[in-house]
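Survey of secondary and tertiary structure
Spelled out from the first residue to the last, the chains are:
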2 protein chains.
Amino acid sequence: MISFARGVPAPECLAVDELAESARAALERDGRTILSYGPGGGYGPLREWLAERHGVEPARVVITSGSLQGFVFLAQHLVRQGSRVLVEAPTYDRPLKILARLGAEIVPLEMDDEGLVPDALESALGAGDAPAFIYTIPTFQNPSGRTLSLERRRRLAELARERQLLVLEDDPYGLVRYDGEPLPSVFELASAAGGGGEQIAYCSSFSKTVAPGVRVGWFVLPPQLAHEIEALAVSTYISPPYLSQATVLEFARRGSFEPNLERVNGLLRERRDAMLESLAREMPEDARWTQPQGGYFVWLELPSGPPSGELLAEAEEADITFVKGTDFYPEGRGGERALRLAFSFVSPDEIAEGVSRLGSLVRAAAPTAPAL
Amino acid sequence: MISFARGVPAPECLAVDELAESARAALERDGRTILSYGPGGGYGPLREWLAERHGVEPARVVITSGSLQGFVFLAQHLVRQGSRVLVEAPTYDRPLKILARLGAEIVPLEMDDEGLVPDALESALGAGDAPAFIYTIPTFQNPSGRTLSLERRRRLAELARERQLLVLEDDPYGLVRYDGEPLPSVFELASAAGGGGEQIAYCSSFSKTVAPGVRVGWFVLPPQLAHEIEALAVSTYISPPYLSQATVLEFARRGSFEPNLERVNGLLRERRDAMLESLAREMPEDARWTQPQGGYFVWLELPSGPPSGELLAEAEEADITFVKGTDFYPEGRGGERALRLAFSFVSPDEIAEGVSRLGSLVRAAAPTAPAL
């Protein structure tokens, strides 16, 4: 099975030996703290390290076991039955499920090649109760691979301030860039404009830059919200497992973070290139796909192809798999002829082979009328 | 400050160097698995190890970041607004808060020196809707130090079967025994009686036997419930941090678990002895306290003493602290003249000194009428 479904790094991206050494050294350095209960918001020295990188007080940093856990805390805290939450359409599927479980009214916002469309946001803001928050992945978005342009980032930061809108900026892929210049985060733009960026809840993770299994995500929150989320963490698990948090910090302190990231980005760039080259070679003329400068995903649209659920069933018979577009829309309304293709896990050769098989299936399918 | 409030092991209980070596070895042995996403129910080899110890299929074992996290999952899954949950009175305060937040109707059940009183359970079962579950800590209970007698364990297992009552048996202290013979768990008794113990949700943790900071708790659940709780774990944090789970397993595989436990129990036995001797020396004649054969806690009742909130304020001025009894009752209704004294964290000398100071405060307080 060639999996374009797994949005995870290839095994060779994992710096096993260095992390093994880092775990040992972290425990030898600070074992009694790491092996005891402590603050619910995470391992103190890592909070300080992250706080310095983001230019905030350590108390505004809350480290969770992966950033999804923090999303759950935020959603539990901010969302009541019927609360409106604005999301990009398409967007990461797990938050959609969490919001649905909490009874949120999920409002999808249109995107184009430059990401979230600001006019769509403005009209959603004008059309109902004040939302609990807007959830956005501005850089190398999951699932689309799209990146919000600088101008739109500025506009989003402005809107957040003007409308007292809480923006949850999810940024796991920002450092996983293969070409082009880094863009400032919405949080950075909002901070630079004054007010400490307190309309923005920023989160990121070491899943893509160190390893997903360490389960170390972090949030930079407005002070009061940080306090409340930390209290929720304490009442859920007392304190998080510090060992993996201390291991990541030790890895960084040894100077391994940047060189490892460069190595990982090199491995992933080859995969991104293989994906884009294969799509250009294999896909029919009316197919469209994104051209991500980083991250894990390409979003492929096949306007005259079969519904992606049907295509997925055929693909799995040909030993390839992907995630169908509808999974990334609230209630599955959208993306009927779209596919999320992850290029992070499989090798360049497997990508070429998998896209070739996919192309055959697409070309063999009887052309159908585009979805309305 | 001499703290009788901290229910945590003394720092010298932590096997820092062995755990540092175990963390390194675990990553070297199985790094690619540990550093990746995987099953939400925990690190596979540890699930297998635990399953074998409990005589169940691995799929019935769900490992969480400390057992409180698992309690939250179970409560979220089983409790709706107004659901009845039966608890021992007094009981561990964190579950009370979680249940209150979820809107449960918390029904306190009377205890005596042999633990939960079965007649109290039977009349609660007869007095309202079927409860979502009963929460019990049968061995060296937090906060009372009491242990449910063998006869009552049998009765509880029977009642669970007869009434289709789900029993959540929380057993973090069972192996932390200083004298006397181990008792079978309610889960073991129910399993031996047939039906796979499927009315019992058993949980325990490595917090007291390895280190609290590893945050490795586990549940043995009926198959369907295990499946549902694992799904809830996946949708909350994808998978837990495997590093600390793999470290604990490596520690056990090296043969360190039993010798370390014996060493820890020796350290804690001295503290328990110091506590009981000091209480006998310092407390007034009408004071009563439990005589735990293990665990971390003594429950002290002062029928003619001041309300324990007042005593706590005075104690803190004398640089000693404890947790007042009312914290361990639903809505604080009960334990007005009771104290939870943890002997796990402080040294034997500090215990003698702290109880001496406490005794002076108690003797100096004007005798008051016993609470009704």
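Presented here is an overview of the structure given in this document. (Residues numbered from 1 in each chain as written. Chains lettered and ligands numbered in written order. Predicted model: local features only at pLDDT ≥ 70, side-chain atom pairs only at ≥ 80, totals over all residues. Heavy atoms only, no water.)

1. Thoughts on the interface of chain A and chain B
How large an interface is tends to be reported as the accessible area lost when its parts come together. Every contact between the two is made by 48 residues of chain A and, on the other side, 47 residues of chain B. Overall, the association of chain A and chain B removes approximately 3,900 Å² of surface from exposure, summing both partners, and the carbon and sulfur fraction of that is 64%. The tally of links between chain A and chain B comes to 0 salt bridges. Where chain A meets chain B, there are 10 residue pairs in polar contact (both at pLDDT 80 or more). Looking at the side of chain A that touches chain B, the elements with two or more residues in it are α1 (16-34), α3 (67-78), α4 (93-101), α8 (223-237) and α9 (242-253) of chain A. (Contact = heavy atoms within 4.5 Å. Buried area = accessible area lost by both parts, 1.4 Å probe. Salt bridge = Lys/Arg side-chain N within 4 Å of Asp/Glu carboxyl O. Polar contact = N/O pair within 3.5 Å; in protein donor to acceptor, adjacent residues only side chain to side chain. Helix = DSSP H or I, 4+ residues; strand = E, 2+ residues; numbered from the N terminus.)

2. Quick look at the side chain of E250(B)
Residues and elements named next belong to chain B. Tracing the chain through its elements places E250 in helix α9 (residues 242-253). Classification of E250 by relative accessible area gives buried; the value is 5%. Look past the residues within four positions of E250 in its chain and what remains in contact with it is S22, A25, A26 and R29. (Buried < 20%, exposed > 50% of the residue type's maximum accessible area, 1.4 Å probe, protein only.)

3. Some remarks on the side chain of R47(B)
Residues and elements named next belong to chain B. Following the sequence through the fold, R47 ends up in helix α2 (residues 44-54). A polar contact is formed between the side chain of R47 and the side chain of E230, at a distance of 3.1 Å. With near-sequence residues (within four places) excluded, R47 lies in contact with P39, G41, G42, P58, A59, V61, I63 and E230.

4. Quick word on the sheet that holds strand β8 (residues 167-170) of chain A
Residue and element names in this part refer to chain A. Spatial strand order, β2-β10-β9-β8-β7-β3-β4: 7 strands in an open sheet with mixed pairing. The open sheet has two free edges, formed respectively by β2 (61-64) and β4 (105-109), since each of these has just one partner strand. Across this sheet, the average inter-strand angle for adjacent strands is 20°, counted without regard to direction. When strand β9 (residues 200-205) meets strand β10 (residues 217-220), the two strands line up antiparallel, connected through 4 bridges. Residue pairing across strands places S205 opposite G217, the latter belonging to β10. On top of the sheet, α3 reaches β2, β7 (133-136), β8, β9 and β10; it is set at about 40° to β10, its chief contact. (Pairing = 2+ DSSP bridges. Axes fitted to C-alpha atoms, helices over the stretch in contact; angles between N-to-C directions.)

5. A look at the pairing of β9(A)
Residue and element names in this part refer to chain A. Counting buried residues along β9, 6 of its 6 residues qualify, which places the element largely inside the surrounding structure. On β9, burial covers both faces: I200, Y202 and S204 on one face and A201, C203 and S205 on the other are all buried. Where β8 lies against β9, 4 bridges are found, and the strand directions are parallel. Bridging from a neighbouring strand, L168 pairs with A201 of β9.

6. Let's talk about the pattern of salt bridges
Counted under the stated rule, the structure contains 36 salt bridges over all chains. Among the ionic pairs, R47(B) bridges to E230(B), the shortest N-O distance being 3.1 Å. Remark: E230(B) occurs in helix α8 (residues 223-237) and R47(B) occurs in helix α2; sequence separation between them is 183 residues. Under the relative-accessibility criterion, R47(B) is labelled buried at 9%. A residue is classified by how much of its surface remains accessible, and E230(B), at 17% relative accessible area, is buried. It is possible to trace a salt-bridge network through shared partners that takes in E122(A), R155(A), E158(A) and R163(A).

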